[in-house]
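# Descriptive analysis of the structure
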Amino acid sequence: MQGVRKNNYTKSLAILVIVIVLFFLPQYGSDYAISIGVLIFLYISLGQMWNLLGGYSGLVSLGQQIFVGIGGYTAALVTEVWHQSIAVSLVVAAGVSLVFAFIISFPIFKMRGVYFTIGTWIVSEALLVFFRNWKFVNYDAGYNITIAYRIPMSQIYHGALVIGIGSVVLVYLILRSRMGLALMSMRDNEGAAEVRGVRLYRTKLYCFVISSVYTAITGVVLYLNIAYIKPGAAFGIDWTVCMVFIVVIGGLGTIEGPIIGAVVYVILRQYLYSFPGISMVILGAVAVAIILLMPKGIMGAIHKKFGVEVFSVRRRIDERLEDGS
Amino acid sequence: MLETLPQALVTGVLLGGLYAIIGIGMSLIFGIMKLTNIAHGDIMILSTFLTMFITQNLTGNPIIGLLLTIVIMMFFAVGIQKFLINKVITKGAEPALLVTFGLSIIISNALFLAFGANTQTIQSPLVSMNLIRTENVSVSMMYMVSFLVAVAVIVVLTLVMNKTSFGRAIRAASSDTVMSELLGVNTKRMYVFAMMLTVVTASIAGMLVGMTFPFYPTTGTQYLIIAFGVVVIGGMGSLPGTLVGGIILGLAQLVGANFIGPTYQQLIGFIVLLVILAIRPQGLLSKAVRK
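If you're wondering where the values come from, they're calculated on a predicted model, not measured in any experiment. (Residues numbered from 1 in each chain as written. Chains lettered and ligands numbered in written order. Predicted model: local features only at pLDDT ≥ 70, side-chain atom pairs only at ≥ 80, totals over all residues. Heavy atoms only, no water.)

## Side note on the environment of A:Asp31
Within the secondary structure, A:Asp31 is located in helix α3 (residues 31–56). Taking the C-alpha atoms as reference, A:Asp31 lies 36 Å from A:Asn7; in sequence the two are 24 residues apart. (Helix = DSSP H or I, 4+ residues; strand = E, 2+ residues; numbered from the N terminus.)

Written out as structure tokens, the structure is:
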């Protein structure tokens, strides 16, 4: 027991050091390193949120780009059309995505399994067509998000850092809570979980809403980094492709998975940047190969071989209980 | 609007035939191996590009182009089924779903690399021909041919499934994997045959789509959703259901577009689909069995 304790302290200390090193990166890192950092943190967040649905709740969604798009469009409308601050757009994005997630949960939660998967995709395709024909959002032309040019890169970096680390903390806390237990029991055996008193609908709904709102907030910062928005890109399946890729190569159903996945994804994408077109083919092939060869992803393979877990969501028996006091 | 309604009804029904043949492969795969093939639309568009390429560069005749495409696509089907999907099909629904998702990305981007993002068409004299032309209603030859081909394919497939020992073996493999293995049916081999049947229908659908509508490497997604719609409305795994599903979807799109405006044709299709999914998640025609 003492060993576990000590191990925990070293682990916390290591994580703290990493966070501090990352926090001060803008002071010593090159612009390139900072921009890579921004991408990695934001993609960690996207991956974590997809994993919360697909990896822990059994809700495999191909429609999370809905919320990236909502976040991005909120950022554009709030700053460009209404000339408000970024903070306002974060709040509005959270509000709009909350309401939208709640509304679409009525039809799509009636669907199960693959129906849910495709149902979410249809919603996003419908939104894409709708936005292209909607005057309010400037049809297919979209917006330049000019406020993005005026904020310093280090600020975007710190925003992305907070969102990335926040997503890890949020998922960790959810999984260590009562809801996390409910989620995992639901994923493993829905019927048994329901009989044992897990409220399936409500648990899934909370999980879906949390994931969607956080994805929308990530979307705001993503689009501040991209600086222009169009319906085709905002509601494109490419966002979900990258979420799925990150989670699958990192390890479905692990907290470390999306972190490893995001790092691999962003670096691989940078390497393949000079070969447009072929990069997606290679990414797709890597993902398929990993599903075939390492069904639990890189993290699953590491865990199996070395037994290492950084963020354990398993419950250990408390020492006090063992002593009987 | 009312005077254009008969035209919308006629075109809707005929377009439904084309939708049915797009969806039939997806229905087969789902019925037989309980797999939602996310790559279905891209596999179809791949065959469309192949037919176009062979017709333009080698034969000049789209029918011969189609036959060659079918041969190539069958090899492709054996490859993806034997080496990719069969490896994960026993590990639950998600890995197989994600493999087909990966496949879909690979195919559409490979097409983009090979042919560029340009919009393409397969030339056909049928497009400009009209079977019937009156003041209010005209029937396009192309749409009529698509409809008839769809009906023919559905009839042939239903006969194959119900009357031949091959069809019985496939159905046995789908209804009880363990039992049919015990009785000497190689289920994984049956899955390969099912995928080959699927690409044959997808190739036919692909040629018809390529003649009727312009296409480009990323159109696959659009047809995946149509296929999914057809299959959901008609009930997963039911062959005659796909025709009904196609017609309902086609009618919904064109009648809706007739009253609201042509730019909303796609959107109306999506909304009808979502409503049906929400009200009857198991499909309009299938029995209410939920797993």
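## What to know about the interface of chain B and chain A
Taken residue by residue, the interface counts 41 residues in chain B and 35 residues in chain A. When the buried area of chain B at its contact with chain A is split by residue, B:Leu98, B:Phe101 and B:Leu274 rank highest and sum to 16% of it. At the junction of chain B and chain A, the tally comes to zero salt bridges. When contributions to the side of chain B that touches chain A are tallied by element, the ones reaching two or more residues are α3 (62–88), α4 (93–115), α9 (220–234) and α11 (265–279) of chain B. A per-element tally of the side of chain B that touches chain A places α4(B) first, with 14 residues. When the residues that make up the side of chain B that touches chain A are grouped by side-chain class, the tally is 29 nonpolar, seven polar and five charged. (Contact = heavy atoms within 4.5 Å. Buried area = accessible area lost by both parts, 1.4 Å probe. Salt bridge = Lys/Arg side-chain N within 4 Å of Asp/Glu carboxyl O. Nonpolar A, V, L, I, M, F, W, Y, C, P; charged D, E, K, R; others polar.)

## Some remarks on the pattern of salt bridges
Residues and elements named next belong to chain A. Summed over the entire model, instances satisfying the criterion amount to one salt bridge over all chains. Among the salt bridges present, the one from aspartate 140 reaches arginine 132, with a minimum N-O distance of 3.4 Å. Judged by relative accessible area, aspartate 140 falls into the partly exposed class, the value being 34%. A relative accessible area of 38% means that arginine 132 is categorised as partly exposed. (Buried < 20%, exposed > 50% of the residue type's maximum accessible area, 1.4 Å probe, protein only.)

## Quick notes on helix α10 (residues 239–260) of chain B
Over its 22 residues, α10(B) runs 32 Å from end to end, which matches the ideal 32 Å to within 8%, given 1.5 Å per residue. B:Gly261 lies just past α10(B) and shows a positive phi near 140°. (Expected span 1.5 Å × (residues − 1).)

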